[in-house]
Amino acid sequence: MSKLLKIALASALVLGVASTTASADAVKGQKIFIKKFKDACGFNGAKFAAKHSQAEWEAINSNGKFKEELMKICPKVQEGDIKDAWLPHIYDFSHEYANDSGNVPSC
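Residues numbered from 1 in each chain as written. Predicted model: local features only at pLDDT ≥ 70, side-chain atom pairs only at ≥ 80, totals over all residues. Heavy atoms only, no water.

The protein carries the name Cytochrome C in an unreviewed UniProt entry, which gives Halarcobacter ebronensis as its organism.

Printed below as a string of C-alpha coordinates:
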(Lines give C-alpha, C1' and ligand atoms only; values in the text may rest on other atoms or scores of the structure.)
Protein backbone atom coordinates (compact mmCIF):
# COMPACT_ATOMS: atom_id res chain seq x y z
CA MET A 1 0.00 0.00 0.00
CA SER A 2 2.76 2.41 0.92
CA LYS A 3 4.63 1.69 -2.31
CA LEU A 4 1.49 2.35 -4.37
CA LEU A 5 0.94 5.64 -2.56
CA LYS A 6 4.53 6.71 -3.27
CA ILE A 7 4.12 5.91 -6.97
CA ALA A 8 0.84 7.82 -7.12
CA LEU A 9 2.38 10.87 -5.41
CA ALA A 10 5.45 10.78 -7.66
CA SER A 11 3.21 10.57 -10.74
CA ALA A 12 1.12 13.51 -9.55
CA LEU A 13 4.27 15.56 -8.95
CA VAL A 14 5.66 14.78 -12.42
CA LEU A 15 2.36 15.66 -14.08
CA GLY A 16 2.10 18.87 -12.08
CA VAL A 17 5.58 20.01 -13.06
CA ALA A 18 5.09 19.00 -16.70
CA SER A 19 1.80 20.88 -17.01
CA THR A 20 3.26 24.01 -15.39
CA THR A 21 6.25 23.92 -17.73
CA ALA A 22 4.06 23.31 -20.77
CA SER A 23 1.68 26.14 -19.93
CA ALA A 24 4.24 28.92 -20.38
CA ASP A 25 7.21 29.15 -22.71
CA ALA A 26 10.22 31.49 -22.68
CA VAL A 27 10.77 31.09 -26.44
CA LYS A 28 7.16 32.00 -27.12
CA GLY A 29 7.53 34.97 -24.75
CA GLN A 30 10.58 36.13 -26.68
CA LYS A 31 8.68 35.93 -29.99
CA ILE A 32 5.73 37.84 -28.52
CA PHE A 33 8.03 40.54 -27.15
CA ILE A 34 9.82 40.97 -30.49
CA LYS A 35 6.60 41.06 -32.50
CA LYS A 36 4.41 43.14 -30.19
CA PHE A 37 6.60 45.28 -27.91
CA LYS A 38 10.11 45.74 -29.32
CA ASP A 39 9.23 48.83 -31.37
CA ALA A 40 7.09 50.40 -28.65
CA CYS A 41 9.76 49.80 -26.01
CA GLY A 42 12.60 51.00 -28.20
CA PHE A 43 14.86 48.11 -27.21
CA ASN A 44 15.06 44.37 -27.58
CA GLY A 45 13.87 41.67 -25.21
CA ALA A 46 17.34 41.12 -23.75
CA LYS A 47 17.39 44.68 -22.40
CA PHE A 48 13.82 44.29 -21.12
CA ALA A 49 14.59 41.05 -19.27
CA ALA A 50 17.80 42.52 -17.83
CA LYS A 51 15.85 45.27 -16.04
CA HIS A 52 15.44 42.91 -13.07
CA SER A 53 16.98 39.87 -11.42
CA GLN A 54 15.17 36.54 -11.39
CA ALA A 55 14.06 37.11 -7.78
CA GLU A 56 12.74 40.57 -8.66
CA TRP A 57 10.79 39.19 -11.65
CA GLU A 58 9.36 36.45 -9.40
CA ALA A 59 8.25 39.00 -6.82
CA ILE A 60 6.70 41.28 -9.45
CA ASN A 61 4.83 38.37 -11.02
CA SER A 62 3.67 36.81 -7.75
CA ASN A 63 2.32 40.20 -6.64
CA GLY A 64 0.27 40.43 -9.86
CA LYS A 65 2.23 43.47 -11.05
CA PHE A 66 3.86 42.04 -14.20
CA LYS A 67 1.60 43.88 -16.65
CA GLU A 68 2.13 47.15 -14.75
CA GLU A 69 5.89 46.63 -14.80
CA LEU A 70 5.83 46.02 -18.55
CA MET A 71 4.01 49.31 -19.03
CA LYS A 72 6.37 51.09 -16.61
CA ILE A 73 9.49 49.85 -18.44
CA CYS A 74 7.88 50.55 -21.83
CA PRO A 75 5.72 53.69 -21.35
CA LYS A 76 4.45 53.62 -24.96
CA VAL A 77 2.81 50.24 -24.33
CA GLN A 78 -0.81 50.66 -23.24
CA GLU A 79 -2.81 48.17 -21.20
CA GLY A 80 -5.00 47.40 -24.22
CA ASP A 81 -1.89 46.36 -26.19
CA ILE A 82 -1.22 43.47 -23.80
CA LYS A 83 -3.24 40.26 -23.97
CA ASP A 84 -3.43 38.45 -20.64
CA ALA A 85 -2.67 35.18 -22.43
CA TRP A 86 0.77 36.54 -23.36
CA LEU A 87 1.81 37.43 -19.81
CA PRO A 88 2.91 33.96 -18.61
CA HIS A 89 5.11 33.58 -21.69
CA ILE A 90 6.65 37.05 -21.43
CA TYR A 91 7.20 36.46 -17.71
CA ASP A 92 8.97 33.14 -18.42
CA PHE A 93 11.15 34.91 -20.99
CA SER A 94 11.95 37.73 -18.55
CA HIS A 95 12.76 35.31 -15.75
CA GLU A 96 14.86 33.06 -18.00
CA TYR A 97 16.98 35.98 -19.25
CA ALA A 98 17.04 38.18 -16.12
CA ASN A 99 20.20 40.15 -15.39
CA ASP A 100 21.48 37.49 -12.99
CA SER A 101 20.55 34.40 -15.02
CA GLY A 102 23.70 34.13 -17.14
CA ASN A 103 21.50 33.41 -20.17
CA VAL A 104 21.52 35.55 -23.30
CA PRO A 105 18.51 35.55 -25.66
CA SER A 106 18.89 35.62 -29.42
CA CYS A 107 16.86 38.81 -29.92
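Student: Help me get a handle on the overall build of the protein, residues and values and all.
Tutor: When you go through the protein residue by residue, the secondary structure sums to six helices and zero strands. Along the protein, helices (α) and strands (β) appear in the sequence α-α-α-α-α-α when read from the amino end. Counting over 107 residues, the protein shows a buried share of 35%. Surface exposure of the protein reaches about 6800 Å², of which carbon and sulfur atoms provide 57%. (Helix = DSSP H or I, 4+ residues; strand = E, 2+ residues; numbered from the N terminus. Buried < 20%, exposed > 50% of the residue type's maximum accessible area, 1.4 Å probe, protein only. Areas by Shrake-Rupley, 256 points an atom, 1.4 Å probe, with all protein chains shown as cover.)

Student: Tell me about the pattern of salt bridges, residues and numbers included.
Tutor: Counting across every chain of the model gives four salt bridges. As a salt-bridge pair, aspartate 84 and lysine 67 come within 2.8 Å of each other at their nearest N and O atoms. One end of the pair, aspartate 84, is in the loop between helix H5 (66-73) and helix H6 (87-96); the other, lysine 67, is in helix H5, with 17 residues separating them in the sequence. Residue classification places aspartate 84 among the exposed residues on the basis of a relative accessible area of 52%. Using a relative accessible area of 16% as the deciding quantity, one classes lysine 67 as buried. Several salt bridges converge on common partners, so that one network encompasses Lys67, Glu79 and Asp84. (Salt bridge = Lys/Arg side-chain N within 4 Å of Asp/Glu carboxyl O.)

Student: Let's hear about the side chain of serine 53: which residues, and what values?
Tutor: Mapped onto the elements of the fold, serine 53 is located in the loop between helix H3 (45-49) and helix H4 (54-62). Residue contacts for serine 53: discarding those within four places in its chain leaves Ala98, Asn99 and Asp100. (Contact = heavy atoms within 4.5 Å.)

Student: Give me the lowdown on helix H2 (residues 26-41), citing residues and values where you can.
Tutor: Across its 16 residues, H2 extends only 19 Å between first and last C-alpha, which sits more than 12% below the 22 Å expected from 1.5 Å per residue. Of all the bends in H2, the largest measures some 45° and sits at isoleucine 34. Listed as buried for H2 are Ala26, Gly29, Gln30, Ile32, Phe33, Phe37 and Cys41. If you follow the buried residues of H2, they end up packed against H3, H5 and H6. The residue sitting at the N-terminus of H2 and contributing the capping side-chain oxygen is aspartate 25; that oxygen lies 3.1 Å from the backbone nitrogen of valine 27. Phi turns positive one or two residues past the end of H2, at glycine 42, with a value near 85°. (Expected span 1.5 Å × (residues − 1). Bend = angle between axes of the 7 residues up to and from the residue. Polar contact = N/O pair within 3.5 Å; in protein donor to acceptor, adjacent residues only side chain to side chain.)

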